[in-house]
Amino acid sequence: MGSETLSFKNVDWSPLVEANLNIALGDDAELIENEVREGVSQCWFIAGCGYMVTRLETQNNELVLVAGQGRRMIDVLNVMNEVAKANGAIIRFHSKRKGMKRFMKKLNFNVVDE
């Protein structure tokens, strides 16, 4: 990980968030926006990195990575993995990017093919 400490800040949905997640949102932008606005999913700003949307599914003890985009995402995902392991949680990840799927499998994330 880089020398900087990662700082996660919970933020509301906004045009800035949408613009910074535009590629990751794909065709699901409206659905994900509604989930964040309704409190089903949470939106995060990671200083020096970018934005991420997650959802906690307590019935399965799963942290779902809904969308993420920006710099140093590998560092961000490593931190998420450490937190999940410390709490006995599983991370589920949806992606259409083959390289990201390979990386996620190395971290033992539950990768869902789309």
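It should be emphasised that the depicted structure is a prediction, and the values quoted were computed from it without experimental measurement.

Taken as a whole, the second largest pocket holds about 180 Å³ of empty space. Around the second largest pocket sit Phe8, Gln42, Trp44, Thr54, Leu63, Val79, Met80 and Val83, which together line it. Taken together, the elements giving at least two residues each to the lining of the second largest pocket come down to strand S2 (42–46) and helix H4 (73–86). Top contributing element to the lining of the second largest pocket by residue count: H4, with 3 residues. When grouped by side-chain class, the residues that make up the lining of the second largest pocket number 6 nonpolar, 2 polar and no charged.

A separate point is helix H3 (residues 29–37). One turn of an α-helix holds 3.6 residues; hence residues three or four places apart share an orientation. Taken together, the buried positions of H3 are occupied by Ala29, Ile32, Glu33, Glu35 and Val36. The arc that holds every buried residue of H3, seen down its axis, measures 160°, which confines them to one face. For H3, exposure combined with an orientation more than 90 degrees from the buried face picks out Glu30 and Arg37. On its buried face, H3 sits against helix H1 (15–20), helix H2 (22–25), S2, strand S3 (50–57) and strand S4 (62–70). Looking one or two residues past H3, glycine 39 carries a phi angle of roughly 85°, positive in sign.

What follows covers unusual backbone geometry. Excluding glycine, a negative phi dihedral is what most residues carry, and trans is how most peptide bonds are arranged. At asparagine 61, a residue that is not glycine, the phi angle is positive and equals roughly 50°. For arginine 72, which is not a glycine, the phi torsion comes out positive at approximately 55°.

Let's shift gears to H4. Between its first and last C-alpha, H4 extends 20 Å over 14 residues, near the 20 Å set by a 1.5 Å rise per residue. All of the buried residues in H4 are Met73, Asp75, Val76, Leu77, Val79, Met80, Asn81 and Ala84. Just past H4, the residue glycine 88 takes up positive phi, approximately 65°.

Looking at the element boundaries, glutamine 69 is found in strand S4. Judged by relative accessible area, glutamine 69 falls into the buried class, the value being 19%. Engagement of the side chain of glutamine 69 in a polar contact is seen with the side chain of asparagine 22, the distance being 3.2 Å. What glutamine 69 contacts, discounting residues up to four positions off in sequence, is Asn20, Leu21, Asn22, Ile23, Ala24, Cys49, Gly50 and Tyr51.

Within S3, 7 of the 8 residues are buried, which leaves it mostly tucked inside the rest of the structure. Here S2 pairs with S3 via 5 bridges, running antiparallel. Of the residues in S3, the one forming a bridge with isoleucine 46 is glycine 50. Connecting the antiparallel pair S2 and S3 is a turn made up of 3 residues, with glycine 48 showing a positive phi of about 75°. Pairing between S3 and S4: 8 bridges, direction antiparallel. By the bridge assignment, methionine 52 is partnered in S4 with glycine 68. Where S3 hands over to S4, the hairpin turn is made up of 4 residues, of which asparagine 61 adopts a positive phi near 50°.

Basis of the calculations
Residues numbered from 1 in each chain as written. Predicted model: local features only at pLDDT ≥ 70, side-chain atom pairs only at ≥ 80, totals over all residues. Heavy atoms only, no water. 1 Å grid on protein atoms, 1.4 Å probe; cavity = no way out; pocket = protein on both sides within 12 Å on 5 of 7 lines; lining within 4 Å. Points joined across faces, edges and corners; volume = space filled by probe spheres on them. Helix = DSSP H or I, 4+ residues; strand = E, 2+ residues; numbered from the N terminus. Nonpolar A, V, L, I, M, F, W, Y, C, P; charged D, E, K, R; others polar. Buried < 20%, exposed > 50% of the residue type's maximum accessible area, 1.4 Å probe, protein only. Arc of directions from axis to C-beta. Contact = heavy atoms within 4.5 Å. Expected span 1.5 Å × (residues − 1). Polar contact = N/O pair within 3.5 Å; in protein donor to acceptor, adjacent residues only side chain to side chain. Pairing = 2+ DSSP bridges.

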